[in-house]
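In case you want the letters, here they are:
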Amino acid sequence: MTIDYLALGEELDGDEYLICEYTVKSDLDIVTAGKRIAEEESTGTWTRPTTLSEDIFKKYGAKVTKAEGNRVEIGYPVIDFSGEIGEIPQILSIVAGNLFGLDSLEGVRLVDIHFPQDIIDRYPGPQFGIEGLRDILDRPDKPLIGTIVKPKIGLPPKEFADYVYQAGRGGLTNSKDDETLVDQDFCPLQDRVSHVSESLDRLEEEGHKMIHAHNISTSGHRMLEAADLALENGARQLMVDVLTVGFAGVQALAEDPSIKVPIHVHRAMHAAITKNPEHGISMPVIGKLVRLAGGDALHIGTYGIGKMHAEVSEEIYSREVITEDMKGLDPMMPVASGGLHPGMIDKLMEKSGPDVQIQAGGGVSGHPEGVSSGAAALRQAVDAAYKGIDLREYAKDHQELRKALEKWM
Ligand code: 3PG
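Residues numbered from 1 in each chain as written. Predicted model: local features only at pLDDT ≥ 70, side-chain atom pairs only at ≥ 80, totals over all residues. Heavy atoms only, no water.

Asks: Tell me about helix 14 (residues 345-352), residues and numbers included.
Replies: Among the residues making up helix 14, those that are buried are Ile345, Leu348, Met349 and Ser352. With its buried residues spanning 95 degrees around the axis, helix 14 presents them on a single face. Of the surrounding elements, those touching the buried residues of helix 14 are helix 13 (312-323), strand 12 (333-337), strand 13 (357-359) and helix 16 (371-387). Directly beyond the C-terminal end of helix 14, a positive phi value near 70 degrees is found at Gly353. (Buried < 20%, exposed > 50% of the residue type's maximum accessible area, 1.4 Å probe, protein only. Helix = DSSP H or I, 4+ residues; strand = E, 2+ residues; numbered from the N terminus. Arc of directions from axis to C-beta. Contact = heavy atoms within 4.5 Å.)

Asks: Give a description of the domain arrangement of the chain that names residues and reports values.
Replies: Parsing the chain into structural domains produces domain 1 (17-120) and domain 2 (129-408). For domain 1 and domain 2, the distance between their C-alpha centroids amounts to 35 Å. Taken together, the 21 residues of domain 1 in the interface contact 22 residues of domain 2. Both sides together, the interface formed by domain 1 and domain 2 hides about 1900 Å², and carbon and sulfur atoms give 59% of it. Ranking the residues of domain 1 by area buried against domain 2 places Ile88, Arg109 and Ile120 at the top, with a combined share of 35%. Put simply, domain 1 and domain 2 have three salt bridges between them. (Domains from an automatic or database assignment. Buried area = accessible area lost by both parts, 1.4 Å probe. Salt bridge = Lys/Arg side-chain N within 4 Å of Asp/Glu carboxyl O.)

Asks: Could you give me a rundown of the site of the ligand, with the residues and numbers involved?
Replies: Close contacts around the ligand come from 15 residues, with Asp178, Ser337, Gly339, Gly361 and Gly362 the closest. The separation between an oxygen atom of the ligand and a polar side-chain atom of His266 is 3.0 Å. A distance of 2.8 Å is found between an oxygen atom of the ligand and a backbone nitrogen or oxygen belonging to Gly362. Contact with the protein chains covers 91% of the free accessible surface of the ligand, which is 320 Å². (Near = heavy atom within 4 Å. Polar contact = N/O pair within 3.5 Å; in protein donor to acceptor, adjacent residues only side chain to side chain. Areas by Shrake-Rupley, 256 points an atom, 1.4 Å probe, with all protein chains shown as cover.)

Asks: Lay out the sheet that holds strand 3 (residues 71-77) with the relevant residues and their values.
Replies: Read from one edge of the open sheet, five strands run 2-3-1-4-10, paired in mixed fashion. Edge positions in the sheet fall to strand 2 (63-68) and strand 10 (280-281), since each of these pairs with one other strand and no more. Bridge count for strand 2 against strand 3 is five bridges, and the pairing is antiparallel. Bridge assignment links Ala67 to a residue of strand 3, and that residue is Val72. Strands strand 1 (17-25), strand 3 and strand 4 (107-114) of the sheet are contacted by helix 3 (residues 87-95), whose axis makes an angle of about 45 degrees with strand 1. (Pairing = 2+ DSSP bridges. Axes fitted to C-alpha atoms, helices over the stretch in contact; angles between N-to-C directions.)

Asks: Let's hear about the sheet that holds strand 12: which residues, and what values?
Replies: The strands making up a sheet are joined through hydrogen bonds of the backbone, oriented either antiparallel or parallel. Around the barrel, eight strands lie side by side as 5-6-7-8-9-11-12-13; this closed barrel has parallel pairing. Neighbour to neighbour, the strand axes of the sheet diverge by 25 degrees on average, direction disregarded. Both strand 11 (residues 297-299) and strand 12 contribute to a ladder of three bridges, which runs parallel. Paired with Ala297 across the strands is Met333, a residue of strand 12.

Asks: Which residues make up unusual backbone geometry, and what values do they have?
Replies: Here the residue pair Lys150 and Pro151 is connected by a cis peptide bond, since its omega of 0 degrees sits within 30 degrees of zero. Structurally, Pro151 can be placed in the loop between strand 5 (144-148) and helix 6 (157-169). Positive phi values are uncommon outside glycine, yet Asp138 reaches one of about 55 degrees. Within the secondary structure layout, Asp138 lies in the loop between helix 5 (129-137) and strand 5. Unusually for a residue other than glycine, Tyr303 sits at a positive phi of about 55 degrees. Assignment of secondary structure puts Tyr303 in the loop between strand 11 and helix 13.

Here it is as structure tokens:
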């Protein structure tokens, strides 16, 4: 038997193999490059180990099934991921591990991943997702509209909570901590949560439903403690920075039975992994992993409309993989955030559709008349785009929107 990891043309059973698609940049021909990945990540190494029997290779060896252009498809036998403890960290160590550092490969990008049902069934996935968030907010059809409290850091808890209240008065359904705020001395988590909860209670008494996502990103052994602290003080939603904390952190929150609130997932640091088109991991792969781990809402970008770099087709695919069928997992709410303001909402919604949480930090707090008017302007822009009315036309009798367009357009 030849131990060469090649099975070109073989159609693998998607329930027996975890199938990955990679692009490769290398002086090696694509077949050899694919073999290098398959051997490194399953039963091989740079030379054939004398301990590698044909039997082990047959059972656990990965297979290169396609190698064309700069693209390879590799199937990893599902048994390589068996056992109760490994979970997402182990999946990543296999499909996205040593291969990125192989000297013979100048660049490798994990562009897509397809999980067998057996792996999906080990994860509960989103506990709230699109439908759960819509139910909590009593908002069955329209986009959720949010803000990120700005400045990112510096406001003390009371002023922070006042920002949230003003945003709610302006009609927003969501707000959140920024990714850089956790428990700093000037705005400790406990005080912040309790003041924000008072703001949300007050809004609810006034007839407006709103939730705020509190950032509890911290080290693994402290995160559940931070979640408890936030929940004891009235948190209605938690937030975690998935790439600084890790997918396992999202999963720990999603699977904790005492956490009965949605988990908002920020992707700070993702561009270090996703931005180079010839190397790293694509955002859709990160999206699938967050869905598996149980995130309820995930930042996926603004389709090139806001301030962040975007590969538009990849962002559209990110939206699809987190909202469309994934072997029984509930859909996650796509979050569009980063440099948005009311004047961009019509273009954004052409790409996002109505199942989206639209967020603006500067685009609310930078409004000439302050947060409440900024929130109203954002809401008016969403209402106009949802109804298919031209923003400038709508702004004629919506003065907050008019002022926002005057400032930013
Ligand atoms: C985010 O969390 O997405 C950013 O802080 C967005 O802030 P901005 O709307 O001011 O760009």
